[in-house]
Amino acid sequence: MLETDTLHRFMLEEAGVRGEWVHLDAAWQALLERHEYPPVVRDLLGQAYAAVALTAATLKFDGSLILQVTGTGPVHMIVAQADGQGRLRGLARFRETPPEGATLAQCAGDNARLMLTLDPGDGGERYQGVVELEGETLADAMNVYFERSEQLPTRLWLTASGESAAGMLLQAVPGEGGHAVTRDSEEWNRVTILAETTSASELLQLDAGTLLGRLFAEERVRLFDGTQVRFHCSCSRERVGETLRRLGREEIRSILAEQGAVDVTCEFCNAHYHFDPVDAEAVCAPEGTQPPTPDTRQ
Ligand SMILES: [Zn+2]
């Protein structure tokens, strides 16, 4: 039976290649319930959603990974975020509905870039990698990104529909004792050529065991227990307050003068945060002089 909202790690033991398989269902629906997207934009965002879930799972960390595609085309921003606990969120911004069948490259338009940001989440320094968007699909662009910026050979396969988003990742295992699988090695070629035969419908319809058995029939595949992934937005009244504080007292007062209150809606989850003049002043006050306001998130 197909496991929904699950990420599986696996190992192609003879090849020295590890992998991940992900299937996003309720986690994907939770995002789609909050925003309406034309199918082309929806599917691109779904691919980014699967890509960030897969890539975050290759990292050992407590922070979060943010994948962003920006450009000057009809879809000028796609962003997806995952943390170390399998929590995901994402959104896309578009100026116009791209034509049916438009690729990521066509949607993002000129000057398109792919950016990955690793936020350690403990106030530590963010790491950011940026490449020009190359290839037609997000998987192509991710493959280029990994070629340019990572030591470890990595490949992704991504797909999405109105029901689910799914994907697979292969990555060479870091070499120990001098032996490492490289981009030119026979093992890497063998398994990526096999993986290349996977189709979007197989990614969407087959469970991890069946898909891996089909793709890697001759390989020794070790499939690990799945972990759950879900939609979760990390916004909070406190974080919105921090953002407002950074705007500065003058800016806040000018918003208050104009609108009588400060209202902020989270673009990821549509949660609404209302700061009346007293709340807004409290946000600006030096730390410790005002008690924190209770969380009134709806
Ligand atoms: Zn939110």
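Anyway, here's the lowdown on the structure attached to this text. The shown structure was predicted, so the numbers you read here are calculated from the model rather than taken from an experiment.

1. Here we look at the pairing of strand E1 (residues 6–12)
Right, on to step 1. Summarising burial for E1: six of the seven residues are buried, a large majority.
Right, on to step 2. Two elements, E1 and strand E2 (residues 17–24), share seven bridges in a ladder whose sense is antiparallel. If you follow Phe-10 over to E2, its bridge partner there is Gly-19.
Right, on to step 3. If you look at the hairpin formed by E1 and E2, you'll find four residues sitting between the two strands, and Gly-16 has a positive phi there, around 70 degrees.
Right, on to step 4. Pairing of E1 with strand E11 (residues 227–228), which is carried by two bridges, proceeds in the antiparallel orientation. Bridge pairing links Leu-7 to Thr-227 in E11.
Right, on to step 5. Judged from the three bridges that link them, E1 and strand E10 (residues 221–223) form a sheet pairing that is antiparallel. Bridge pairing in E10 places Phe-10 opposite Leu-223.

2. Considering helix H9 (residues 249–259)
Right, on to step 1. Buried within H9 we find Ile-252, Ile-255 and Leu-256. For H9, the arc enclosing every buried residue in end-on projection is 100 degrees, short of the 170-degree limit, so these residues lie on one face. Every exposed residue of H9 that faces more than 90 degrees away from the buried side is listed here: Glu-250, Ala-257 and Glu-258.
Right, on to step 2. Packing partners of the buried residues in H9 comprise helix H8 (237–247), strand E13 (262–265) and helix H10 (277–284).

3. Observations concerning the coordination of the zinc ion
Right, on to step 1. Protein coordination of the zinc ion is provided by Cys-233 (SG), Cys-235 (SG), Cys-266 (SG) and Cys-269 (SG), with donor distances spanning 2.2 to 2.3 Å.
Right, on to step 2. With four donor atoms in place around the zinc ion and angles of 103 to 113 degrees between them, the coordination shape is tetrahedral.
Right, on to step 3. Mapped onto the sequence, the donors of the zinc ion take the spacing C-x1-C-x30-C-x2-C.
Right, on to step 4. According to the relative accessible area criterion, Cys-266 is buried, its value standing at 10%.

4. As for helix H4 (residues 138–149)
Right, on to step 1. End to end, H4 covers 16 Å across 12 residues, agreeing with the expected 16 Å (1.5 Å per residue, within 8%).
Right, on to step 2. All of the buried residues in H4 are Leu-138, Ala-139, Ala-141, Met-142, Asn-143, Val-144, Tyr-145 and Phe-146.
Right, on to step 3. Here the buried face of H4 lies against helix H2 (39–56), strand E3 (64–70), helix H3 (104–108), strand E6 (113–119), strand E7 (127–132) and strand E8 (154–160).

5. Points about the nonpolar core
Right, on to step 1. Counting residues in hydrophobic clusters, the biggest one holds 75 residues, and the most contacted among them are Leu-24, Leu-67, Val-69, Ile-78, Leu-114, Leu-138 and Met-142.
Right, on to step 2. Top element by residues in this core is H2. It accounts for 12 residues.
Right, on to step 3. Discounting residues that sit within four places of it in the chain, Leu-67 has contacts with Ala-48, Ala-51, Val-52, Ile-78, Val-79, Ala-80, Leu-114, Met-115, Leu-116 and Met-142.
Right, on to step 4. Among the nonpolar cores identified, the runner-up in size contains 22 residues, and Ala-15, Met-168, Val-191 and Ala-208 belong to it.

6. Description of the pattern of salt bridges
Pairing between side chains becomes possible if they bear opposite charge and their charged atoms approach one another.
Right, on to step 1. This structure, assessed with the given rule, holds 15 salt bridges.
Right, on to step 2. With a shortest N-O distance of 3.3 Å, Glu-13 and Arg-222 are connected by a salt bridge. You can see Glu-13 sitting in the loop between E1 and E2 and its partner Arg-222 sitting in strand E10, a full 209 residues away along the chain.
Right, on to step 3. Judged by its relative accessible area of 28%, Glu-13 falls in the partly exposed class.
Right, on to step 4. Judged by its relative accessible area of 45%, Arg-222 is partly exposed.

7. Focus on the packing of aromatic side chains
Right, on to step 1. Counting across every chain of the model gives three aromatic pairs.
Right, on to step 2. Aromatic side chains Trp-28 and Tyr-49 sit 5.6 Å apart centroid to centroid with 45 degrees between the ring planes, which places their arrangement in the tilted category. Of this pair, Trp-28 sits in helix H1 (residues 26–34) while Tyr-49 sits in helix H2; the two residues are 21 residues apart in sequence, bridging distant segments of the chain. Both residues of the pair, Trp-28 and Tyr-49, belong to the buried class.
Right, on to step 3. Lying across the ring of Phe-268, Arg-89 places its NZ or CZ 3.9 Å from the centre.
Right, on to step 4. Note that Arg-237 overlies the ring of Phe-275, its terminal NZ or CZ placed 4.1 Å from the centroid.

Conventions and cut-offs
- Residues numbered from 1 in each chain as written.
- Predicted model: local features only at pLDDT ≥ 70, side-chain atom pairs only at ≥ 80, totals over all residues.
- Heavy atoms only, no water.
- Buried < 20%, exposed > 50% of the residue type's maximum accessible area, 1.4 Å probe, protein only.
- Helix = DSSP H or I, 4+ residues; strand = E, 2+ residues; numbered from the N terminus.
- Pairing = 2+ DSSP bridges.
- Arc of directions from axis to C-beta.
- Contact = heavy atoms within 4.5 Å.
- Donors = N, O, S within 2.8 Å, 3.2 Å for Na, K, Ca; no water.
- Tetrahedral: all angles 85-135°; square planar, octahedral: opposite > 155°, others 65-115°.
- Expected span 1.5 Å × (residues − 1).
- Core = buried A, V, L, I, M, F, W, Y, C linked by side-chain atoms within 4.5 Å.
- Salt bridge = Lys/Arg side-chain N within 4 Å of Asp/Glu carboxyl O.
- Phe/Tyr/Trp six-rings, centres within 6.5 Å; stacked < 30°, edge-to-face > 60°.
- Lys NZ or Arg CZ within 6 Å of the ring centre and 35° of its normal.

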